[in-house]
Amino acid sequence: MGTIELYTKNTLVWIRDEIEVWRQASIISLKDDILTVNTDEGKEVKISNCNDSTNLPHLRNPEILIGENDLTSLSYLHEPAVLYNLKVRFCNSSQIYTYCGIVLVAINPYQQLPLYSSDVIQAYHGHDIFTMDPHIFAVAEEAYKSMSREEKNQSVIISGESGAGKTVSAKYVMRYLASVTSDIENSDKETHIENRVLASNPIMEAIGNAKTTRNDNSSRFGKYIEILFNQRLHIFGAHMRTYLLEKSRVSFQSVGERNYHIFYQLCASADNPEYSELHLDHQDKFTYTSLGNCPYVDNVDDAEELENTREALSILGIGDRTQMVMFRILSAILHLGNVNFVNDENDHCKISDSGNNLKTASTLLGSDFEQMALWLCFRKIQTMNEIMTKPLTSTESRNIRDALCKHIYANLFNWIVEQINKVLSPSGKSTVFIGVLDIYGFETFEVNSFEQFCINYANEKLQQQFCLHVFKLEQEEYVKEGIEWSFIDFYDNKPCIELIENKMGILDLLDEECKMPRGSDQTWCQKLYDNHLKKSHFSKPRMSQKAFNVHHFAEHVQYESKGFLEKNKDTIMEEHVNILKASEYELVAEIFKEREAAHSAVKKVGGAKVTRVSGGGGMKSSSSARQLKRTVGSQFRESLKALMVSLDSTAPHYVRCIKPNDSKMAFTFDPRRAVQQLRACGVLETIRISAAGFPSRWSYVDLARRYSLLISANRKDDARATCEKILKLYLQSDDKYQFGHTKVFFRAGQVAMLERQRGEKLRRACVKIQSTMKGWVQRKKYLHIRTACCTMQRVVRGFLGRRKAHSVRCNKAATRIQAQWRCYYVQKRYTVLISVIQCIQSYIRGNEARRKYMICLRNARAIVIQRNIRGWLVRIWYAKYMRGVILAQCCTRRWAARRALKKLKVEARSVDHYKQLNKGMENKIISLQSKINELNAERIDLISKNKTSIETISSLKQKVTDLEDKISSERNESVKIESLQDEVARLEGALREAGIEKSALEELKNSKDLQLSNLQNINSQLEANINELQLKLSSTESKLSEFTDKDVIMKEKEMEKELDSTRSRYQTLLNDYSRLEQRYDNLQDELLYKGSSSHKLINDEDSTLGEDSGVSDGGLDVDLVLKLQHRIRELEQQRNVWESEKEDKFVSEEANSELIEENDRLKASIAKLTSTLAASDGDEARRELLNLNTILQQQINDKCHEIKELKAKLHEQSSKKKFTLSTQTDVDELWRFTEPQINEDGELMMAYQSAKDTNKLLEAQLQAVQKNFKLQEDDYQGQIQRLKLEFEKQQKLIDEYSKLTTKERIQQTYQTEIARMASDNLVRNCTGVKTLTMLLIVCMIFG
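Because the structure is a prediction, the values reported are computed rather than measured. (Residues numbered from 1 in each chain as written. Predicted model: local features only at pLDDT ≥ 70, side-chain atom pairs only at ≥ 80, totals over all residues. Heavy atoms only, no water.)

S.K.: So what's going on with the pairing of strand β4 (residues 44-48)? Which residues, and what values?
M.R.: The sheet contact formed by strand β3 (residues 34-39) and β4 spans five bridges and is antiparallel. Among the inter-strand pairings, N38 is bridged to a residue of β4, identified as E44. The turn linking β3 back onto β4 is made up of four residues, and G42 within it adopts a positive phi angle of 90°. (Pairing = 2+ DSSP bridges. Helix = DSSP H or I, 4+ residues; strand = E, 2+ residues; numbered from the N terminus.)

Structure (structure tokens):
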């Protein structure tokens, strides 16, 4: 709660709500002692009597503190703040881990998260706990670092409701410790131990976990695992302790729940032939696995889980044979659950199904069916002077059957835990350990019984240890920082614990009531009322006389007293235990073996009639055994006390697992369920203890950095001086804060007050800044608008330009993508069709080539004709054209000459002109005369050329006529041309085939070259193999030599093994003798039941000792009595024989001499028979008989040699034993020493003989191995010779091939391929037509 000054308008507070537990609201007003708030739903709520600070609502933390990873760092520490902070982290941030001081709060997300990989382990390894985000690995790392730094034992205490994730958290802690220790340089042995530690998890889950309505893999027991470390901080062992296994689940499950996983795993594997001897079926066929009507678990394969369980058992060293005996015991429990009981006319019980299920269960357990059936229907009552039996009703028999099954399962569970501890127990002494406690959290149901009482009692003890530890840490923190503090009052549940465990407490009264002959749940409950009704932690319900209330630290729980006495007694009939002790299976007998203390204590029975039998056996008193048996409550109290001692000696680390909802929905937070668990697991108590002192703690630097703006701080001042100024100014009371050495400690709500002052100052500064800025904003408004418009235009234009550019790029990219896609599509289609098209093209191109050839031929001939005709026409035209040109030139020149002539004539008439002309006329005349002569010569040449051209034209005309004749003749010869065309096509086809053959031959040449390179590679490989084989031969020879050299050492080791096997057989004989003795006692009890004079049969109405355990039969079966008496006499005779054999332990010298003489007589008779057979004229059968005789003779000689060695060893052993026995004077001790050596069948001699046979077998195996090595060596030599021949052959071929020329190589290759193709053509001719048809069809389809 806060002070009244903090409750101002708009302040956020928390108010109670029926649905959300706490709801957020804001303050509207505070008037006249009435506080009005408005919830987040818009409703107004009025809170009266607010002058009292206890009635004020809780204040909400500032926004800066919401979502903190440590709840103790909140300014206001109370229930709504804790609940809201967890909800924000879980739902909004998906953070499942949160610190609460020293406690890690883990919320089950019901979803697989990537938080537990090897990378995460490496990230947390080596870091402090508060430097990383909250995580289960951080707690494990802190425990590991504290152990290594302080060399002190650590413990990780994990608690929570069923389904909250305790088992998974414990597995992750163990996995982290195994990973970080294996990352260090580790040996294989240590890694193997870490794997064994982790392998114990699937085994314990199979036998100790079950599906409940709250959890699919709920642990129905508590466990405390101590992981042991050596001096190098490596895991080298572990030890496990279990608490309060829920045995009632074996015989009863509620609707929607299952029995333990192991039963369903076996039923799921019933079809496996390996489990056929278990006689299993579907789980719905068994009563104990079908009560809950829930045979399956989602996403779980029971058959696969069984294989994982068996693999884990194998890792822990539990062999397949032992596993099968375990499965036989579990299957027997299922078959016992199917045994039906009905009442006869006298209301006496009998088995209804002819005992088939009981027979199967007895066979699986290796017990006597008749005795088991007898004591399931009767019980024995023993008084001081006589023994009586009482028939049971069907209900009582079913209860006894269920109790027997629960007892068997509990003993098997404890035996498995013991085996795991034996395997994980270290060979040396542990230096330190880390304990992991996975224990049930506080439980309360509609009906609470003995199991819930024990669970809540354990949580009371753990809560007390937790509160003391938290208070101690708070005190250490204050002392470390030098803070003045007063005693913090915290809830002490010591009175509640004293109510339960003190003298005359609840458990003490319960044990006392269990000892009473007529004790009942109601009388025990009345005693509780009489003794504890006045105590504050105990109360009586109003409407019940058979229930009581205990005020636990979490809440008040009402317990129903029904069943408390029966569950606390945990009684089981002694006859059933004796039957199971006498089982023929050693494991079953070992599980039910009593402690030696009980054996030694039960020796005398005061006043009871005890019948002695020969051999020292006797009947034990069940009353004394019952007196030594401790109740479940006392055992649990002592184990819990030992656990507290272990935890107090360690440094604890706490993990509280929270179940967010009951519907198992991922990341769904139910506030009511969460706050209930927070109250029960002690998280709120931690918050309350922290809030009672100084919960908020800030370092000087952080506080000065955040709140220095509240004052005008001097920069030269240090952080502490600044903090002192701030706090003296705003927090006048010194009681609200204290200065430590490194931190400032605040009372609850003081940081929020400083945060409020800081916010007010910032608000005032903001208002001042706003008032200054508004004028400037108005003056600059136009510029801002203009700038904004320009900016908007620029942005819009830029946006449009970028969008257009983006569109262009997209179109271009789309075009390129389309082009690439179309190219890819066409290319892909081309690659698909290319093989088909190529074949079709080979035919089409042939036809097309022939057609084009004809066209080209016609075109070429037509071109020749056209060229000649066009040349002739051009030449004719040219001649005409030249004549016209010459004529035009002549006419033009004539006209020009005439014109010049006229001009000359006119000029000639002039004298001057004439004179002028006469100048050089002679020269001109001469030149003209020469020109005339040249022109005449040219004229003559042209005339001659004209004649020759006329002749040429006539010759061309003649050629044209000849060509026309040839064309007509060629048209007549078209038939011949067509035949020639067919011949040309055929030749082209042959040419193509030749080209194909040429390409094939080239490919063949390439393949031959490749084969040549491959042969060279093979040659190199063969050489390497030869070298390797030679090395192997040398190593084999060395191994054989070593093997022969170590033969003597091996024989010595075999003798040592023989001695060890003799010791193991000695122990086995002891166990067999104890089981036979137990069977003898059972038969003696049955004989007493059948024929003892002091035995009486009583009915229900005559019974006065109904609460004592006993068994009896309804009538006497004479045949059965005679058989039992006969069997007892046989057992007594066997016992006498054993005693006589014990006296004559070793074979005397006279017996040995008689054996030697008998052996010599047999040799003589055999030799005589051999000579007789050799002298007679026998057939092939006689020869075989002689051969057989020689073989037998050799075997007899070998046996004689072995007998001599046996005599020598027996003599040596007898001398040793006599020396040992000389120091013992007690005859009974001498009998006990010599008993296991020789039993009724002479098993020692047989065992020694079997050892000799084993030695011979080993020698034969050695010879076989040597022979096998020899054969392998010969085989390797033959392979080497064959490889050498093959290599030489290949080398010759390569040399011959390299000597040939290129042409000869090609010719040789052609010849080879032609021969091969000739053989292949016969096969291909049949498929060629089909292939061509298919190609044409494909072409039509794709056409």
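Don't stop here, the text continues.
S.K.: Let's hear about the pattern of salt bridges: which residues, and what values?
M.R.: Scanning the model with the defined rule gives 29 salt bridges in all. Linking K380 and E575 is a salt bridge whose minimum nitrogen-to-oxygen distance equals 3.2 Å. Of the two residues, K380 sits in strand β15 (residues 378-382) while E575 sits in helix α17 (residues 574-581), which places them 195 residues apart along the sequence. Judged by relative accessible area, K380 falls into the buried class, the value being 12%. Here R637 makes a salt bridge to D511, at a shortest N to O gap of 3.6 Å. With R637 in helix α21 (residues 632-648) and D511 in helix α14 (residues 506-515), the pair connects residues that are 126 residues apart, well separated along the chain. For the pair R637 and D511, one class covers both residues: buried. (Salt bridge = Lys/Arg side-chain N within 4 Å of Asp/Glu carboxyl O. Buried < 20%, exposed > 50% of the residue type's maximum accessible area, 1.4 Å probe, protein only.)

S.K.: Can you explain the sheet that holds strand β17 (residues 432-440)? Please cite residues and give values.
M.R.: Strand order in the open sheet formed by seven strands is β6-β7-β21-β8-β17-β11-β12, and the pairing between neighbours is mixed. Single-partner strands in this sheet number two, and they are β6 (97-100) and β12 (235-243). Put simply, the sheet's adjacent strands are angled 20° from each other on average, direction ignored. Where β6 and strand β7 (residues 103-107) come together, four bridges link them in antiparallel fashion. (Axes fitted to C-alpha atoms, helices over the stretch in contact; angles between N-to-C directions.)

S.K.: So, the state of the cysteines: which residues are in play, and what are the values?
M.R.: Scanning the model with the defined rule gives zero disulfides in all. Not part of a disulfide, C349 finds its nearest cysteine sulfur in C377, a span of 4.1 Å. (Disulfide = S-S within 2.5 Å.)

S.K.: Can you explain the packing of aromatic side chains? Please cite residues and give values.
M.R.: Within the structure shown, the criterion is met by 26 aromatic pairs. Consider the rings of F548 and F564, whose centres lie 6.0 Å apart with planes at 65°: the pair is edge-to-face. Of this pair, F548 sits in strand β19 (residues 547-551) while F564 sits in helix α16 (residues 564-569), and the two are 16 residues apart along the sequence. Positioned above the aromatic ring of Y264 is the side chain of R258, whose terminal nitrogen or guanidinium carbon lies 4.0 Å from the ring centre. The lysine or arginine in question, R656, covers the ring of F466, its NZ or CZ lying 4.9 Å from the ring centre. (Phe/Tyr/Trp six-rings, centres within 6.5 Å; stacked < 30°, edge-to-face > 60°. Lys NZ or Arg CZ within 6 Å of the ring centre and 35° of its normal.)

S.K.: How would you sum up a negative patch on the surface? Please name residues and give values.
M.R.: A cluster of like negative charges, contributed by D301, E304, E305, E307 and E311, occupies part of the molecular surface. E304 sits in the partly exposed class, given a relative accessible area of 46%. (Patch = residues over 30% accessible without salt bridge, like charges linked within 9 Å, V, L, I, M, F, W, Y side chains within 5 Å. Areas by Shrake-Rupley, 256 points an atom, 1.4 Å probe, with all protein chains shown as cover. Lys, Arg positive; Asp, Glu negative; His and termini not counted. Charge placed at Lys NZ, Arg CZ, Asp CG, Glu CD.)

S.K.: Can you lay out the pairing of β7 for me, pointing to particular residues and giving the numbers?
M.R.: Regular strands place their side chains on alternate faces of the sheet. Counting buried residues along β7, five of its five residues qualify, which places the element largely inside the surrounding structure. In β7, alternate side chains face the same way, and those of V103, V105 and I107 on one face and L104 and A106 on the other are all buried. Where β6 hands over to β7, the hairpin turn is made up of two residues, of which G101 adopts a positive phi near 70°. Relative to strand β21 (residues 651-658), β7 runs parallel, the two sharing five bridges. Pairing of V105 across the sheet is with R656, part of β21.

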